[in-house]
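Take a look at the letters that make up each chain.
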Amino acid sequence: NAGVTQTPKFRVLKTGQSMTLLCAQDMNHEYMYWYRQDPGMGLRLIHYSVGEGTTAKGEVPDGYNVSRLKKQNFLLGLESAAPSQTSVYFCASSYRPGFSTDTQYFGPGTRLTVL
Amino acid sequence: DQQVKQNSPSLSVQEGRISILNCDYTNSMFDYFLWYKKYPAEGPTFLISISSIKDKNEDGRFTVFLNKSAKHLSLHIVPSQPGDSAVYFCAASERFTNFGNEKLTFGTGTRLTIIP
């Protein structure tokens, strides 16, 4: 099992450009999440999904859109990138609530720089 | 408003000694707490968790203590090893009070350095 994978690993954008980050998991997890990590801020939840075809806003959703067309994939889109979106983005997945061993499994991250 | 706080950005400990990482929270609805470990250029990995019905959970060298009245938890690593050098994040959720809510609120992290 590859676990949670993220594509790409690094990206540099110019202000106003758009891009999509792809997250894939092969663990048949129901829930998927997108976080951003900034210095001194910890990880903050951008959007999440509780199942195929569903999405919901997290703590910092502005400027981002997401889609979960397939259970194993969760896409994060930036329609018009801004320097404030320079960050490291982590995707995570978890099985489903109510299971004592359930936890979130993270991908390796995507480092995005917006100039 | 930072609901989960890790007030020590860094900590250095001699190999073989005990490492104690602290975390405070303000949201009384949190009922499930986790510690994640993160190496550079990797995603966080789950380390240990504790639910609010317990005050201690142990897994090998790692023990998490929860003091609900003080809204404080700590992670003890005994004995500390060089491979423990990493950033440790404390996280909390309303897993049981808000069933189905798997959202985690993270602290800002503590960088632990184990000195050989």
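Calculation notes
Residues numbered from 1 in each chain as written. Chains lettered and ligands numbered in written order. Predicted model: local features only at pLDDT ≥ 70, side-chain atom pairs only at ≥ 80, totals over all residues. Heavy atoms only, no water. Salt bridge = Lys/Arg side-chain N within 4 Å of Asp/Glu carboxyl O. Helix = DSSP H or I, 4+ residues; strand = E, 2+ residues; numbered from the N terminus. Buried < 20%, exposed > 50% of the residue type's maximum accessible area, 1.4 Å probe, protein only. Pairing = 2+ DSSP bridges. Disulfide = S-S within 2.5 Å. Patch = residues over 30% accessible without salt bridge, like charges linked within 9 Å, V, L, I, M, F, W, Y side chains within 5 Å. Areas by Shrake-Rupley, 256 points an atom, 1.4 Å probe, with all protein chains shown as cover.

**Q** Whenever I open this one, the pattern of salt bridges confuses me. Can you help?
**A** All names here are of chain B. This structure, assessed with the given rule, holds six salt bridges over all chains. Residue Asp84 is joined to Lys37 by a salt bridge in which the shortest nitrogen-to-oxygen separation is 4.0 Å. With Asp84 in the loop between strand S8 (72-77) and strand S9 (86-93) and Lys37 in strand S4 (residues 32-38), the pair connects residues that are 47 residues apart, well separated along the chain. Summarising the burial analysis for this pair, Asp84 and Lys37 share the class buried.

**Q** Looking at this structure, how should I read the sheet that holds S8(B)?
**A** Sheet strands line up and pair through hydrogen bonds in the backbone, either parallel or antiparallel. Residue and element names in this part refer to chain B. Taking strand neighbours across the sheet as the criterion, the five strands line up as S1-S3-S8-S7-S6 in an open arrangement whose pairing is antiparallel. The open sheet terminates on both sides in strands that have one partner only, identified here as strand S1 (4-5) and strand S6 (56-59). In this sheet, S8 lies alongside strand S7 (residues 62-67) in antiparallel orientation, the contact comprising six bridges. Each bridged residue has a counterpart across the sheet, and for Leu66 the counterpart in S8 is Leu73.

**Q** Which parts of the structure should I look at to understand the state of the cysteines?
**A** Working definition: the covalent bond between the sulfur atoms of two cysteines is a disulfide. Under the defined criterion, the tally for this structure stands at two disulfides over all chains. Each sulfur in the disulfide pair A:Cys23 and A:Cys91 lies 1.8 Å from the other. Judged by the torsion about the S-S bond (-75°), the A:Cys23/A:Cys91 disulfide is left-handed. Here A:Cys23 is found in strand S3 (residues 19-25), whereas its partner A:Cys91 is found in strand S9 (residues 87-94), with 68 residues between them in sequence. Considered together, A:Cys23 and A:Cys91 belong to a single accessibility category, that of buried residues. A sulfur-sulfur distance of 2.1 Å marks the disulfide that ties B:Cys23 to B:Cys90.

**Q** How should I be thinking about a nonpolar patch on the surface in this particular structure?
**A** Residues and elements named next belong to chain B. A cluster of nonpolar side chains, contributed by Ile18, Ile20 and Val78, occupies part of the molecular surface with about 220 Å² of accessible area. Along the chain, the position of Val78 falls in the loop between S8 and S9. What makes Val78 partly exposed here is its relative accessible area of 41%.

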